[in-house]
Amino acid sequence: RSPQGALEALRSREAAELGRLFPVLAGVLAPPGRQQLDDSRSMAARALRDVLDAIAREKPLALLIDDAQWADADSAALLADLLAAPRPALLLVVTARGPDRPVLVDGLPNIDEVTLGGLDVADAVALAAAVVDEPVDAAAIAREAQGHPMFIAELSRFAAERRATAGTLDDALWSRACDLTQAA
């Protein structure tokens with residue numbers, strides 16, 4: 001259930017611009033007026049900040065941004081606007097893969113970086129065996145997935161569905177892609 005303050009913030013003139021950034025909100029927002037692109041972005045950022053502030057006033061708030069390695073300069077600018085002083089009371093968690101620091105966090109103060117590695121072999125084997133009820137080669141799956149929990153789970157399901165003991169990550173991902181409908 002949404003906090004009342006957040007619902008009120010979503011009904012503002014500025015919030016109407018959020019529909020352009022987040023189409024899923026279009027059903028709860030008033031239709032946007034005609035604005036210049038820069039004005040529209042500023043209004044949308046202000047509205048999103050108002051929504052986050054309203055939620056944070058009523059309950060603890062965490063903002064999770066996953067796969068930040070794909071973020072661009074516009075996303076970084078939006079995040080900087082959202083976190084400008086006075087900062088909303090929220091916990092920001094940003095995840096990214098790869099050796100490079102994502103552009104999204106450049107210039108943000110007070111960042112605690114935590115580097116996570118893959119699961120060790122014993123935990124990877126245990127996860128592979130636990131994901132499905134069918135017998136699979138958990139050790140082969142753990143090696144192929146290189147400790148990545150999502151890949152371990154996917155490879156385990158792939159092997160169980162195919163009634164095979166293991167498979168390659170490429171085969172599993174290609175199989176999932178082929179299973180997608182035209183609409184996806």
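Description of the structure in this document. Fair warning: this is a prediction, and the values are worked out from it, not measured in the lab.

1. Overview of unusual backbone geometry
Of the consecutive residues Ala85 and Pro86, the connecting peptide bond is found in the cis state with omega at -10°. Even without glycine at this site, Asp67 takes up a positive phi of about 55°. Within the element layout of this structure, Asp67 appears in the loop between strand E1 (62-65) and helix H4 (73-82). Positive phi, normally seen in glycine, also occurs at Gln146, with a value near 55°. Topologically, Gln146 is positioned in the loop between helix H6 (138-145) and helix H7 (149-161). Given the relative accessible area of 71%, Gln146 is considered exposed.

2. A closer look at the pattern of salt bridges
The final tally for this structure, using the stated rule, is seven salt bridges. In this structure, Asp67 engages Arg97 in a salt bridge whose closest nitrogen and oxygen atoms are separated by 3.5 Å. Placement of Asp67 in the loop between E1 and H4 and of Arg97 in the loop between strand E2 (91-94) and helix H5 (121-131) is noted, with a sequence separation of 30 residues between them. We note a salt bridge from Arg162 to Glu161, for which the minimum N-O separation is 3.3 Å. Taking relative accessible area as the criterion, Glu161 reaches 44% and is therefore assigned partly exposed. Through salt bridges with shared partners, a single ionic network connects Glu154, Arg157, Glu161, Arg162 and Arg176.

3. Remarks on the nonpolar core
Inside soluble globular proteins, nonpolar side chains tend to come together where they are buried. Residues Leu18, Val51, Leu52 and Leu61 are the most contacted members of the largest nonpolar core, which totals 22 residues. Only helix H1 (4-10), helix H3 (37-58) and H4 provide two or more residues apiece to this core. Among the elements that make up this core, the one with the highest residue count is H3 (eight residues). When residues no more than four places from it in sequence are discounted, the contact partners of Leu52 are Leu61, Leu82 and Leu90. Formed by 15 residues, the second largest nonpolar core is a distinct cluster that contains Ala128, Val132, Ala145 and Leu169.

4. Re the environment of Arg57
Relative to the elements of secondary structure, Arg57 occurs in helix H3. A relative accessible area of 65% places Arg57 in the exposed class. Residues Arg57 and Leu90, 33 residues apart in the sequence, show an inter-C-alpha distance of 9.8 Å.

5. Things to note about the packing of H5 against H7
The axes of two packed helices give the description: the angle between them and the distance between them. Contact geometry for H5 and H7: axes closest at 8 Å, N-to-C directions at 40°. Between H5 and H7, the crossing angle belongs to the class labelled oblique. Here the hand of the crossing between H5 and H7 comes out right-handed. Contacts from Ala124, Leu127, Ala128 and Val131 of H5 reach H7 at Pro149, Ile152, Ala153, Ser156 and Arg157.

6. What about the side chain of Arg49?
The topology assignment puts Arg49 in helix H3. Buried Arg49, no salt bridge; nearest opposite-charge side chain is Asp53, N-O distance 4.1 Å. In this structure, Arg49 is in contact with Asp81, Leu82, Leu83, Ala84, Ala85, Pro86, Arg87 and Pro88, ignoring residues within four places of it in sequence.

7. Focus on the pairing of E1
In the sheet, E1 pairs with E2 via four bridges, with the strands oriented parallel. Looking at the pairing, Leu64 lines up with Val93 of E2. Assessed by its sense of winding, the connection that carries the chain from E1 through H4 to E2 is right-handed.

Definitions and cut-offs
- Residues numbered from 1 in each chain as written.
- Predicted model: local features only at pLDDT ≥ 70, side-chain atom pairs only at ≥ 80, totals over all residues.
- Heavy atoms only, no water.
- Helix = DSSP H or I, 4+ residues; strand = E, 2+ residues; numbered from the N terminus.
- Buried < 20%, exposed > 50% of the residue type's maximum accessible area, 1.4 Å probe, protein only.
- Salt bridge = Lys/Arg side-chain N within 4 Å of Asp/Glu carboxyl O.
- Core = buried A, V, L, I, M, F, W, Y, C linked by side-chain atoms within 4.5 Å.
- Contact = heavy atoms within 4.5 Å.
- Axes fitted to C-alpha atoms, helices over the stretch in contact; angles between N-to-C directions.
- Parallel < 35°, antiparallel > 145°, perpendicular 65-115°, else oblique.
- Left-handed = near helix turned anticlockwise from the far one by under 90°.
- Lys, Arg positive; Asp, Glu negative; His and termini not counted.
- Pairing = 2+ DSSP bridges.
- Right-handed = clockwise from strand over helix to strand, strands pointing away.

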